[in-house]
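Each chain is listed here by its residues.
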Amino acid sequence: MSNLRILVATKRVIDYAVKIRVNAAGSAVETANVKHSMNPFDEIGTEQAIQIKEALAKSKTGTAEIVVVSCGPVKSQETLRTALAMGADRAIHVDSEEELQPLAVAKLLRAVVEKEKPDMVILGKQAIDDDSNQTGQMLAGLLNWPQATFASKVELGDKSMTVTREVDGGVETVKTPLPAILTTDLRLNVPRYASLPNIMKAKKKPLAKFTVADLGVDIKPRLQTLKIVEPAKRQGGKIVESVDDLVDKLKNEAKVL
Amino acid sequence: MSTPTRYRVIALYKQLSYLGREYPAGADYFHKKLKGAFMKNKDLTDPAEIQKRIDLGDYVCKEIEAMYHINKYRAMKKRYYEDAEVENIQTKLENTNWALGGGSSATQSLPRQ
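Conventions adopted
Residues numbered from 1 in each chain as written. Chains lettered and ligands numbered in written order. Predicted model: local features only at pLDDT ≥ 70, side-chain atom pairs only at ≥ 80, totals over all residues. Heavy atoms only, no water. UniProt positions renumbered as here; feature names shortened; annotations may be inferred. Helix = DSSP H or I, 4+ residues; strand = E, 2+ residues; numbered from the N terminus. Buried < 20%, exposed > 50% of the residue type's maximum accessible area, 1.4 Å probe, protein only. Contact = heavy atoms within 4.5 Å. Buried area = accessible area lost by both parts, 1.4 Å probe. Salt bridge = Lys/Arg side-chain N within 4 Å of Asp/Glu carboxyl O. Polar contact = N/O pair within 3.5 Å; in protein donor to acceptor, adjacent residues only side chain to side chain. Nonpolar A, V, L, I, M, F, W, Y, C, P; charged D, E, K, R; others polar.

Per an unreviewed UniProt entry, chain B carries the name LYR motif-containing protein 5 and comes from Mortierella hygrophila. What UniProt records for chain B under Sequence similarities (unreviewed entry) is the sentence "Belongs to the complex I LYR family."

Chain A goes by Probable electron transfer flavoprotein subunit beta in an unreviewed UniProt entry, where it is assigned to Mortierella hygrophila. Quoted verbatim from the Sequence similarities (unreviewed entry) field of the UniProt record, the comment on chain A reads "Belongs to the ETF beta-subunit/FixA family." The UniProt entry for chain A carries the following text under Function (unreviewed entry): "The electron transfer flavoprotein serves as a specific electron acceptor for several dehydrogenases, including five acyl-CoA dehydrogenases, glutaryl-CoA and sarcosine dehydrogenase. It transfers the electrons to the main mitochondrial respiratory chain via ETF-ubiquinone oxidoreductase (ETF dehydrogenase)."

Caption draft 1: Local environment of unusual backbone geometry. Residue and element names in this part refer to chain A. Residues leucine 178 and proline 179 are joined by a peptide bond in cis, for which omega reads 0°. Within the secondary structure, proline 179 sits in the loop between strand E9 (170–177) and strand E10 (180–184). Even without being glycine, lysine 60 reaches a positive phi, approximately 55°. Here lysine 60 is to be found in the loop between helix H1 (40–59) and strand E4 (64–72). The backbone of asparagine 144 shows a phi angle near 60°, a positive value even though the residue is not glycine. Looking at the secondary structure, you find asparagine 144 in the loop between helix H4 (135–143) and strand E7 (147–156). Judged by relative accessible area, asparagine 144 falls into the exposed class, the value being 70%.

Caption draft 2: Seen up close, the interface of chain A and chain B. At the junction of the two partners, chain A supplies 21 residues and chain B supplies 21 residues. Here chain A meets chain B over a buried area of about 1900 Å², counting both sides, of which 60% is carbon and sulfur. The largest share of the area that chain A buries against chain B comes from Tyr16(A), Arg187(A) and Tyr193(A), three residues that together contribute 40% of it. Inspection of the region where chain A meets chain B yields two salt bridges. At the boundary of chain A with chain B, the tally comes to eight residue pairs in polar contact (both at pLDDT 80 or more). Elements with a minimum of two residues in the side of chain A that touches chain B: H1 and helix H5 (196–202) of chain A. Split into classes, the residues belonging to the side of chain A that touches chain B amount to 13 nonpolar, two polar and six charged.

See below:
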């Protein structure tokens, strides 16, 4: 196995544990003063890249360089630092304060791929904020690269990889030549927790910054958000007085009988 | 306490304090317990005994990391894999390759009190 370069795409999203609130205008989700963290599926992707690197180093069959990339506002750099603390080698931040839709991100990533020429691009299967599940597939389409999505197991071969995919009601195993796109599913691995000394060291790792204009990409939104509403509140339960009462309520209110 | 041990203990304290920031019961709650646990052992002099406490601290670190992971994993599972049976989740969790060694169940001995 030769020397690999692995590009990992990460997104900064509202932390999974935060209760999501819709703003007063119903046009977007409140993001101000809300805890953000790396998209959990991207953590899995970063971990996978690190595991590949460690496996190569252990078997002395090659080396891997891990480049993490994030597109979004300046604060995305926090997410990149987290990935660097986990074990990535260097980071690329594509700065954009504007909304980035999956197609825009895929085009930005294509531009980064053309600069970096990686052997593999790993993305989370979806981000937990917009749940689009599109970026990896779109990137594969734009680059005309093979893709292995929803990976739950990855084995690296010589200039190829064998990926076990999670599909409805089972798993599917595919083999693809490199370079290729890999998107991660939940069970692929257990992401490590960055240790404090590594967080300090990550501050010194290189982080390159690009703007959308540098990459010459059209990020104009193609989709329009019409309205955002919170899910309906759960109605409280009722205590019924008797069996007759219950039957009556099931018949007339719940209409299940 | 010899100097290397001293650094080791301080590093352990910092790591635990850092981990505690996300503790479900609150960072303040965790920090109080953390300080109490360290202060209780401040007069230890026997190197073997001190080492034992450091090992325990490392173990607690791993347990907390495992707990955070399980919380996140379960939240994701609940959100995106609603149809999957609960037993299925549990077997997968047990089969997950814990990078933490020992493969001990992470939920059993969490430092709650």
